[in-house]
Amino acid sequence: MAKKSDGLPQELIIEILLRLPVKTLLQCKCVCKSWLSLISDPKFATSHFQLAASPTTHGLVFLKTYSPNDPKALIVDFDASLTDDSSYAPLTHHFRPPGICPGTEIRGSCRGFIFLRTYSDFYLWNPSTGVHKKIPASKLRLYNHLYGFAYDHSTDDYLIVLLSCKAAPYTNLEIFSLRANKWKQIEVDSHFTYLITTTYDDVGLFLNDAIHWVVFNFEIREVIIAFDIKERKMSEIALPYDDGATNDDGPDIYGLSVLGGLICASIVEKRTVRIYVMQNYAVHSSWTKILEFSVDPVMLHSLSIRFITKSGDMIGTDGRGRLMKFNDKGQLLEHHSCGKGIDTERFIRSQMVVYTDSLLSLPCGAEEA
């Protein structure tokens, strides 16, 4: 017969700890050596992330680098009010690598890690734990980069992808493997010629083992391009088009997000916002319009839908540095200014990313803050 324990069974303790937020778990490390060992175990970190990685645990990280000596990162709670200051919580750890400075940009997020670009360097950073790594410089030094950040489950490897188009038909793609700790250039089919503009977000959406961007195709206007990280191949996915839509007032604004594990495309034109979901991946006929609404033209200054909550509320940003929450009927519920007068959509986009707290560490060569 097993010896009776004076405390809770170990299995129950683990189940309780797995359901605590990262900030609390970091504090629990100080309780005793056994908890420190348990919470520091990579297997525990993986189990905790898998349990926590649901739509209700996502937040938006906003990086402020106005002062080179005091970079700050805040996480915004989607389920709380955007007008409540308590919804903007500082992340537990901040690191100050030598290159961090005003103008540091967020170029992606995956499994609790954020991909940062400074003027001269790249970094991977878990803002919850402080784990970070400086990435060796890429040889790809062309203009108009598209950035991707992904995780390959089959090899337990994090990948950074750079796609650059200097002028058609010159397209270059380079991948950094964290495990190999090196960059590798990939040949791209010659018929893939695109125009990358600041109208669209240059940070790729990672879903279904592929990184997705919206670009301008010289043959059929805007398209989604997808880079399969396992097959190392590029493909195109046509965007949904509305027969009643026109382009009289200039180009549409396209945004990609994830809704229920599916690609979601938001299209802004004139005063109208249309939201589509692709029910079957890469099948154009499966695009389904789930919402269409009109908004005040003042709010349409580069409006971008960043996240759709489980309840159907939409979180968006505009070029004036505002976060906005709409309900599932398109009614503006609330907004909050977080750009402090910075009136450029590119700045706002480069400082925000959807993020999930995690205890995960990088598989090799990480530095601790």
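Everything below is about the structure shown above.
Residues numbered from 1 in each chain as written. Predicted model: local features only at pLDDT ≥ 70, side-chain atom pairs only at ≥ 80, totals over all residues. Heavy atoms only, no water.

Read from one edge of the open sheet, four strands run E17-E18-E19-E20, paired in antiparallel fashion. Every interior strand has two partners, whereas the edge strands, strand E17 (253-259) and strand E20 (287-294), have only one. The average undirected angle you get between the axes of adjacent strands in this sheet is 20 degrees. (Pairing = 2+ DSSP bridges. Helix = DSSP H or I, 4+ residues; strand = E, 2+ residues; numbered from the N terminus. Axes fitted to C-alpha atoms, helices over the stretch in contact; angles between N-to-C directions.)

Here we take up the sheet that holds strand E5 (residues 113-117). In spatial order, the strands read E4-E5-E6-E7; together these four strands make up an open sheet with antiparallel pairing. For this open sheet the edge positions go to strand E4 (105-110) and strand E7 (132-135), each flanked by a neighbour on one side alone. Put simply, the sheet's adjacent strands are angled 20 degrees from each other on average, direction ignored. The pairing of strand E6 (residues 122-125) with E7 spans four bridges and is classified as antiparallel.

What follows concerns the pairing of strand E22 (residues 314-317). Regular strands have side chains that alternate between both faces of the sheet. Alternating residues of E22 divide into Met 314 and Gly 316 and Ile 315 and Thr 317, and every residue in both groups is buried. The pairing of strand E21 (residues 304-308) with E22 spans four bridges and is classified as antiparallel. Residue Ile 308 lies in a different strand from E22, and its bridge partner there is Met 314. Pairing of E22 with strand E23 (residues 322-326), which is carried by four bridges, proceeds in the antiparallel orientation. Paired with Met 314 across the strands is Phe 326, a residue of E23. (Buried < 20%, exposed > 50% of the residue type's maximum accessible area, 1.4 Å probe, protein only.)

Before going further, it helps to spend a moment on the pattern of salt bridges. Scanning the entire structure with this criterion turns up 10 salt bridges. Lys 325 is the salt-bridge partner of Glu 334, the closest N and O atoms lying 3.8 Å from each other. The residues Glu 334 and Lys 325 share a single accessibility class, namely buried. (Salt bridge = Lys/Arg side-chain N within 4 Å of Asp/Glu carboxyl O.)

A separate point is a nonpolar patch on the surface. On the surface, a nonpolar cluster with roughly 260 Å² of combined accessible area is contributed by Leu 8, Leu 12 and Ile 16. Among the structural elements, Ile 16 can be located in helix H1 (residues 10-18). (Patch = residues over 30% accessible without salt bridge, like charges linked within 9 Å, V, L, I, M, F, W, Y side chains within 5 Å. Areas by Shrake-Rupley, 256 points an atom, 1.4 Å probe, with all protein chains shown as cover.)

Enumeration over the complete set of coordinates arrives at 10 aromatic pairs. Both rings, one in Phe 113 and one in Tyr 158, keep their centres 5.4 Å apart while their planes meet at 70 degrees; by these two values the pair is edge-to-face. Of this pair, Phe 113 sits in strand E5 while Tyr 158 sits in strand E9 (residues 157-167), placing them 45 residues apart in sequence. With centroids separated by 6.4 Å and ring planes inclined at 85 degrees, the aromatic side chains of Phe 122 and Tyr 147 adopt a geometry described as edge-to-face. Here Phe 122, found in strand E6, pairs with Tyr 147, found in strand E8 (residues 145-152); they are 25 residues apart in sequence, far enough to count as distant. We note that Phe 122, like Tyr 147, is buried. One cation-aromatic arrangement involves Arg 111 over Tyr 151; the distance from NZ or CZ to the ring centre is 3.9 Å. (Phe/Tyr/Trp six-rings, centres within 6.5 Å; stacked < 30°, edge-to-face > 60°. Lys NZ or Arg CZ within 6 Å of the ring centre and 35° of its normal.)

Before going further, it helps to spend a moment on the side chain of His 132. For His 132, the position within the fold is in strand E7. At a separation of 2.9 Å, a polar atom in the side chain of His 132 contacts the main-chain carbonyl oxygen of Gly 130. (Polar contact = N/O pair within 3.5 Å; in protein donor to acceptor, adjacent residues only side chain to side chain.)

Before going further, it helps to examine helix H4 (residues 42-52). Residues of H4 that are buried: Phe 44, Ala 45, His 48, Phe 49 and Ala 52. The buried residues of H4 occupy one face: seen down the axis, they fall within an arc of 130 degrees. Away from its buried face, by an angle of more than 90 degrees, H4 presents the exposed residues Pro 42, Lys 43 and Gln 50. For H4, the N-terminal capping position is held by Asp 41, with its side-chain oxygen 2.9 Å away from the main-chain nitrogen of Lys 43. (Arc of directions from axis to C-beta.)

Not every positive phi belongs to a glycine, and Asp 156 is a case in point at roughly 50 degrees. Within the fold, Asp 156 resides in the loop between E8 and E9. Among the residues examined, Asp 156 registers a relative accessible area of 30% and is labelled partly exposed. A positive phi angle, near 60 degrees, is found at Asp 209, a position not held by glycine. Structurally, the position occupied by Asp 209 is in the loop between strand E13 (205-207) and strand E14 (210-217).

Okay, the packing of H1 against H4 next. It is at 10 Å that the axes of H1 and H4 come closest, and there the two elements cross at 55 degrees. Our classification of the angle between H1 and H4 gives oblique. Counting all contacts with H1, which are made through Ile 14, Leu 17 and Leu 18, the residues of H4 involved are Phe 44, Ser 47, His 48 and Leu 51. (Parallel < 35°, antiparallel > 145°, perpendicular 65-115°, else oblique. Contact = heavy atoms within 4.5 Å.)

On to the nonpolar core. Leu 17, Phe 44, Ile 135, Phe 149, Tyr 158, Ile 160 and Leu 359 are the most contacted members of the largest nonpolar core, which has 31 residues in total. Broken down by secondary-structure element, the contributors of at least two residues to this core are H1, helix H2 (22-28), helix H3 (33-40), H4, E5, E6, E8 and E9. Each residue touching Tyr 158, except ones within four places of it in the same chain, is listed here: Cys 110, Arg 111, Phe 113, Phe 149, Ala 150, Tyr 151, Phe 176, Ser 177, Leu 178, Leu 360, Leu 362 and Pro 363. Of all hydrophobic cores here, the second largest spans 17 residues; its members include Leu 163, Trp 213, Val 215 and Ile 225. (Core = buried A, V, L, I, M, F, W, Y, C linked by side-chain atoms within 4.5 Å.)

On to the packing of H1 against H3. Direction vectors running N to C along H1 and H3 enclose 60 degrees, while the axes themselves pass 12 Å from each other. Comparing the axis directions of H1 and H3 gives the class oblique. For the pair H1 and H3, the crossing hand works out as right-handed. Facing Gln 10, Ile 13, Ile 14 and Leu 17 of H1, the residues of H3 in contact are Trp 35, Leu 38 and Ile 39. (Left-handed = near helix turned anticlockwise from the far one by under 90°.)

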